[in-house]
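One-letter residues, chain by chain:
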Amino acid sequence: MDKGFKEYLDQFVEFTSQYNKEIYYANQGRDDIQSPVEPEIGRFLAFLIKSTGARKVLELGTGVGNSTIWLAEAVKEIGGNVTTVDNHPRTWKEACGNIEKSGLKDYVVMIHSDVDEATRKLKEEGAVFDIIFQDCGKYTYTVIYEDVAALVRKGGIIVADDTMFPVCQGVRPNLGRHMDRYNRLVFADQRFFSTMLPVGHGLTLSWKK
Ligand SMILES: C[S@@+](CC[C@H](N)C(=O)[O-])C[C@H]1O[C@@H](n2cnc3c(N)ncnc32)[C@H](O)[C@@H]1O
């Protein structure tokens, strides 16, 4: 993103609490974790939850809990909850600790599992979600696509992160290819109406008709 653009944006797109600010800065620049979402993405997710009244949110890819806290803070206001899934052994412990510290534990259902297994089980249980935030391993987006498509209710939204990887500098080409495949799949899917926003590394939003 253009530097001036980002600086201008940062004046307005503030953190919504001490918790998401602390966790974001505490994990900045770490090279042993995959990047937590930028504040503009966190705030966009909170905006989407508040404006649509989403109560049931599914997050794929908890990381250390940065985006989970943005989501949980927003659903807390309207009495919903966030189910979040990640399979990492080490960062999972960090995520549990961060969510505990944030005081938002009662609004988060944590599933320590591979996403393919978790989404299959949720589908078997008949779970449905208003918003699904897909930020898991990039190869998973197309692999679990049908389960994710089934788990979002009609009128609900899938928000997929990093979908402009194919044109982001410094991103490994195979990650770009995964994202390109995902975009082609979802934009061609007549069950959804999709669009793409150049925020962060790109968001693809898909509304289920
Ligand atoms: C980009 S990070 C998530 C960042 C987080 N959403 C945030 O913004 O704070 C992606 C996460 O997906 C998890 N992941 C990757 N492949 C997975 C899989 N097959 N099943 C479950 N989790 C997976 C990784 O362990 C990692 O924590």
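Residues numbered from 1 in each chain as written. Predicted model: local features only at pLDDT ≥ 70, side-chain atom pairs only at ≥ 80, totals over all residues. Heavy atoms only, no water.

*Asks:* Before we go on, may I ask you to explain the packing of aromatic side chains in this structure?
*Replies:* In this description, an aromatic ring pair is defined by two values, namely the gap between the centres and the angle between the planes. Under the definition given, this model contains 7 aromatic pairs. Judged by centre distance (5.7 Å) and plane angle (55 degrees), the ring pair of Phe 15 and Tyr 25 falls under tilted. Within this pair, whereas Phe 15 is found in the loop between α1 (3-12) and α2 (18-26), its partner Tyr 25 is found in helix α2, the two being separated by 10 residues in sequence. Of the residues examined, Phe 15 reaches a relative accessible area of 18% and is grouped as buried. Each residue in the set Phe 15, Tyr 24, Tyr 25 and Trp 70 is aromatic and connected to the rest through ring pairs, giving one cluster. (Phe/Tyr/Trp six-rings, centres within 6.5 Å; stacked < 30°, edge-to-face > 60°. Helix = DSSP H or I, 4+ residues; strand = E, 2+ residues; numbered from the N terminus. Buried < 20%, exposed > 50% of the residue type's maximum accessible area, 1.4 Å probe, protein only.)

*Asks:* Would you mind going over the side chain of Thr 140 with me for this structure?
*Replies:* Relative to the helices and strands, Thr 140 resides in helix α7 (residues 140-143). Within the structure, the side chain of Thr 140 is placed 2.7 Å from the backbone oxygen of Gly 137, a separation counted as a polar contact. (Polar contact = N/O pair within 3.5 Å; in protein donor to acceptor, adjacent residues only side chain to side chain.)

*Asks:* How should the side chain of Ser 67 be read in this particular structure?
*Replies:* Here Ser 67 is to be found in helix α4 (residues 66-77). With residues up to four places along the chain from it excluded, the contact list for Ser 67 reads Val 37, Glu 59, Gly 61, Thr 62 and Phe 133. (Contact = heavy atoms within 4.5 Å.)

*Asks:* Please explain the site of the ligand as it appears in this structure.
*Replies:* In the neighbourhood of the ligand, 21 residues make up the surrounding shell, with Val 37, Gly 61, Ser 67, Asp 86 and Asp 135 lying closest. Take Asn 87: an N or O atom from its main chain is 3.2 Å from a nitrogen atom of the ligand. Taking 600 Å² as the accessible area of the ligand by itself, protein coverage stands at 94%. (Near = heavy atom within 4 Å. Areas by Shrake-Rupley, 256 points an atom, 1.4 Å probe, with all protein chains shown as cover.)

*Asks:* Just to check I follow, could you spell out the pattern of salt bridges for this structure?
*Replies:* If the charged atoms of two oppositely charged side chains come close together, the side chains can form a pair. Counted by the stated rule, this structure contains 18 salt bridges. Put simply, Glu 38 and Lys 6 hold a salt bridge, and the shortest N to O gap is 3.8 Å. You can see Glu 38 sitting in the loop between α2 and α3 (39-52) and its partner Lys 6 sitting in helix α1, a full 32 residues away along the chain. With a relative accessible area of 27%, Glu 38 lands in the partly exposed category. A salt bridge links Glu 117 to Lys 121; the shortest N-O distance between them is 3.4 Å. (Salt bridge = Lys/Arg side-chain N within 4 Å of Asp/Glu carboxyl O.)

*Asks:* What should I look at first to understand the packing of α2 against α4 in this one?
*Replies:* Two packed helices can be described by the angle between their axes and the distance between those axes. Packing of α2 against α4 leaves a shortest axis separation of 9 Å and a crossing angle of 170 degrees. Classed by the angle they form, the pair α2 and α4 counts as roughly antiparallel. Touching Tyr 19, Asn 20, Ile 23 and Tyr 24 of α2 are Asn 66, Ile 69, Trp 70 and Glu 73, all from α4. Broken down by class, the residue content of the contact of α2 with α4 amounts to 5 nonpolar, 2 polar and 1 charged. (Axes fitted to C-alpha atoms, helices over the stretch in contact; angles between N-to-C directions. Parallel < 35°, antiparallel > 145°, perpendicular 65-115°, else oblique. Nonpolar A, V, L, I, M, F, W, Y, C, P; charged D, E, K, R; others polar.)

*Asks:* Would you explain the nonpolar core in this entry?
*Replies:* Within soluble globular proteins, side chains that are nonpolar generally end up buried alongside one another. Ile 49, Val 57, Leu 71, Ile 131 and Val 159 are the most contacted members of the largest nonpolar core, which totals 31 residues. Apart from residues no more than four positions distant in its own chain, Leu 71 is found in contact with Leu 45, Ile 49, Val 57, Glu 59, Val 82 and Phe 133. Counting residues in each nonpolar core, the second largest holds 25 residues, with Leu 60, Tyr 145, Ala 160 and Phe 192 among its members. (Core = buried A, V, L, I, M, F, W, Y, C linked by side-chain atoms within 4.5 Å.)

*Asks:* Hey, could you run me through the sheet that holds strand β2 (residues 81-86) in this one?
*Replies:* To summarise the sheet geometry, strands pair through backbone hydrogen bonds and adopt either a parallel or an antiparallel arrangement. In spatial order, the strands read β3-β2-β1-β4-β5-β7-β6; together these 7 strands make up an open sheet with mixed pairing. If you trace the sheet from one side to the other, it starts and ends with β3 (108-112) and β6 (192-197), each paired once. Strand-to-strand twist of the sheet, defined as the mean angle between neighbouring strand axes without regard to direction, takes the value 15 degrees. Judged from the 4 bridges that link them, strand β1 (residues 56-60) and strand β4 (residues 129-134) form a sheet pairing that is parallel. (Pairing = 2+ DSSP bridges.)

*Asks:* What am I meant to see in unusual backbone geometry here?
*Replies:* Both trends apply: most residues other than glycine have a negative phi, and most peptide bonds are in trans. In the Ramachandran plot, Asp 162 falls in the positive-phi region, its phi being about 70 degrees despite a non-glycine side chain. Topologically, Asp 162 is positioned in the loop between β5 (152-161) and α9 (173-188). Asp 162 gets classed as buried once you look at its relative accessible area, which sits at 8%.

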